[in-house]
Amino acid sequence: MMIPESLVTEKKDIEKIGILLWISFGLCFLCNISAGLLSTLMSVYLPVVVKDLSQEVKADELNYISAYINSLYIAGWAIGGFAWGFISDTIGRVRALALSTGIFGLFTVLISFAPSWEWVVVFRLLSGLAVGGILVITPTLLSEIWPVKSRAVIIGIDSIGFPIGIFSSGLVNVLVSDWHSAFLIGIVPVGIAILSLRALQESHDWQKTKSKVYTSNAGENIAYKRNLIKGAIIFGSMLIGLWGMFSWIPTWVQSLLTASDGQAERGIAMMLLGAGGLTGGFISGWVSNSLGVRKSMMLCFAGCILMSFLLFGLNTTFSKVIYIELAVLSLFFGISQGLLSIYIPQLFPVHIRGTYTGICFNIGRIVTAFAIFFVAVMVTGLGGYGNALLTFAGIFVAGFITISLMKNETKNN
């Protein structure tokens, strides 16, 4: 019996759609890996870069230079996150993602040729402006093109791209001692950007918004603003606490060592941060389906509070137990990032989704940028890196309280 031609055609169309979906997922995943790798690559090389480009600078001044490099990158990331969310609502998810990824890679490559630490600050700021788009657009795009049934799991898996990048930055540090050579890896996201323009599937939901005029009543506007505030507090509190810590963990590890140059220890620490975050992000979709997003996020905040105290409050000398504590801390972080990547884009309708998701994802980075900058001051005032980093744990309390009052309010269109 012959199979009707219409059924054969329908089957081929379904297979084609499936292939396009997996290509889209793969490219979003690679963009996130690049973002994680190049964002944290400076953290692991920071002591070497600053020393190499500031040989005549005193030890205390090195902390301030490092703070400039870290904090202005986060500031650029925050500003870029706001801008690229709006850009993606205007020109489309695919073109915005390709542009932000390509620009990010280009300015990372230029760091290899920086003649002074001031130029490193400039190139990091400009690359930060671009990376803000990647982490906003990828979950937004996938939330609009992926089938609802497996959406939570696939976005959770996509979120592990960033911790894979963190892990990779530690690996690069172990394998490549010359920082000039290490930053040439920025050519990879440039290639991904070019490929994305040709292969990524644009969101049909976004395309539909271009032919519609949207009006919202007063009640809907109030609901969107409430969701915006809640999303910003929840995501921002996790971001401020952990990026404030992660940016300085290699330097903190170095400060605990007395008989080592710290290259291996710093590299292993970043690899463990990435590995824990990778595992957490991978399982976040299933955790969400099992416990619900509210209970899962409360668990993450409570875990981060506990592990911060154990890690920075009790360790005054370097020991192997630090590796275990770093891995557990990043596990909670990874779960939280997967959960928030699933949850926050669905709080808003398509025509404002990129913009509002960008605000939620990045408003905390403005605070983080200032906080990282003042770590150098806090180190002196609080008696060391451990005490300074422990102060960031207080922000987790705000996130815990907000998520405990949160209701599951999402929009699928």
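Positions within a chain are numbered from 1, following the residues in the order the chain's sequence is written. Thresholds applied to this predicted model are a pLDDT of at least 70 for local features of residues and 80 or more for the giving and counting of side-chain atom pairs; totals over whole chains, interfaces and linings are not thresholded and use all residues. For side-chain calculations, the full set of non-hydrogen atoms in the structure is used, while hydrogens and water are omitted.

## Looking at the overall build of the chain
Quick note on the threshold: Only DSSP runs of H or I reaching four residues or more are called helices, and only runs of E reaching two or more are called strands; each is numbered from the N terminus. Burial classification: accessible surface area is computed with a 1.4 Å probe over protein chains only, and a residue below 20% of its type maximum counts as buried, one above 50% as exposed, and the rest as partly exposed. The contact rule is simple, with two residues in contact once any of their heavy atoms fall within 4.5 Å.
Along its length, the chain carries 18 helices and zero strands. Classification of the 413 residues of the chain by burial places 57% in the buried group. If you take every contact in the chain between residues at least 6 apart in sequence, the share linking residues at least 24 apart comes to 87%.

## Observations concerning the packing of aromatic side chains
Formally: Here the aromatic set is Phe, Tyr and Trp, taking the six-membered ring for Trp, and pairing holds for ring centres within 6.5 Å; pairs whose planes are under 30 degrees apart are stacked, those over 60 apart are edge-to-face, and all others are tilted. Charges are assigned to positions over rings by a cutoff of 6 Å between ring centre and Lys NZ or Arg CZ, combined with an angular limit of 35 degrees from the ring normal.
Taken as a whole, this structure holds 16 aromatic pairs when the rule is applied. With 6.4 Å between their ring centres and 75° between their planes, tryptophan 179 and phenylalanine 183 make a pair best called edge-to-face. For the pair shown, tryptophan 179 and phenylalanine 183 are each scored as buried. Plain terms: the ring middles of phenylalanine 301 and phenylalanine 396 are 6.5 Å apart, the flat faces sit at 55° to each other, and that makes the pair tilted. Of this pair, phenylalanine 301 sits in helix H13 (residues 293-314) while phenylalanine 396 sits in helix H18 (residues 395-404), placing them 95 residues apart in sequence. Residue phenylalanine 301 is classed as buried on the basis of its relative accessible area of 0%. Classification of phenylalanine 396 as buried rests on a relative accessible area of 0%. The ring of tyrosine 73 carries arginine 124 above its face, with NZ or CZ at 3.7 Å from the centroid.

## Regarding the packing of helix H4 (residues 117-145) against helix H5 (residues 148-159)
How we decide: What counts as an axis is a line fitted to C-alpha atoms, over the stretch in contact for a helix, and the angles between N-to-C directions run from 0 to 180 degrees. The labels follow the angle: roughly parallel below 35 degrees, roughly antiparallel above 145, roughly perpendicular from 65 to 115, and oblique for the rest. It is the rotation of the near helix from the far one that decides the hand of a crossing: anticlockwise by less than a right angle makes it left-handed, clockwise makes it right-handed. Polar here means any residue outside two lists: the nonpolar Ala, Val, Leu, Ile, Met, Phe, Trp, Tyr, Cys and Pro, and the charged Asp, Glu, Lys and Arg; Gly therefore counts as polar.
Here H4 crosses H5 at 160°, and the two axes come no closer than 10 Å. Taken together, the axes of H4 and H5 are roughly antiparallel relative to one another. Where H4 crosses over H5, the two elements pack in a sense that is right-handed. Across the interface between the two elements, Thr138, Pro139, Leu142 and Ser143 of H4 pack against Arg151, Ile155 and Asp158 of H5. Split into classes, the residues belonging to the contact of H4 with H5 amount to three nonpolar, two polar and two charged.

## Quick notes on a nonpolar patch on the surface
The condition that has to hold: The patch calculation keeps residues exceeding 30% relative accessible area without a salt bridge and links them within 9 Å when they carry like charges or within 5 Å when they are nonpolar (Val, Leu, Ile, Met, Phe, Trp, Tyr). Calculation of accessible area relied on Shrake-Rupley with a 1.4 Å probe; when residues are assessed, cover is drawn exclusively from the protein chains displayed. Note on definitions: salt bridges are taken to be side-chain nitrogens of Lys or Arg within 4 Å of carboxyl oxygens of Asp or Glu.
Side chains of Ile305, Val397, Ile401 and Leu405 sit close together on the surface and give an oily, nonpolar patch of about 360 Å² of accessible area. For leucine 405, the position within the fold is in the segment after H18.

## Side note on helix H3 (residues 93-111)
Quick reminder of the rule: Given a helix with a known number of residues, its expected span is that number minus one, times 1.5 Å.
With 19 residues, H3 extends 28 Å from end C-alpha to end C-alpha; this agrees with the ideal 27 Å at 1.5 Å per step. Of all 19 residues making up H3, 14 are buried, and the element is well covered by its neighbours.

## Some remarks on the environment of leucine 405
Taking the relative accessible area as the measure of exposure, leucine 405 reaches 67% and is therefore exposed. Here the alpha-carbon distance between leucine 405 and lysine 230, two residues 175 residues apart in the chain, equals 9.5 Å.

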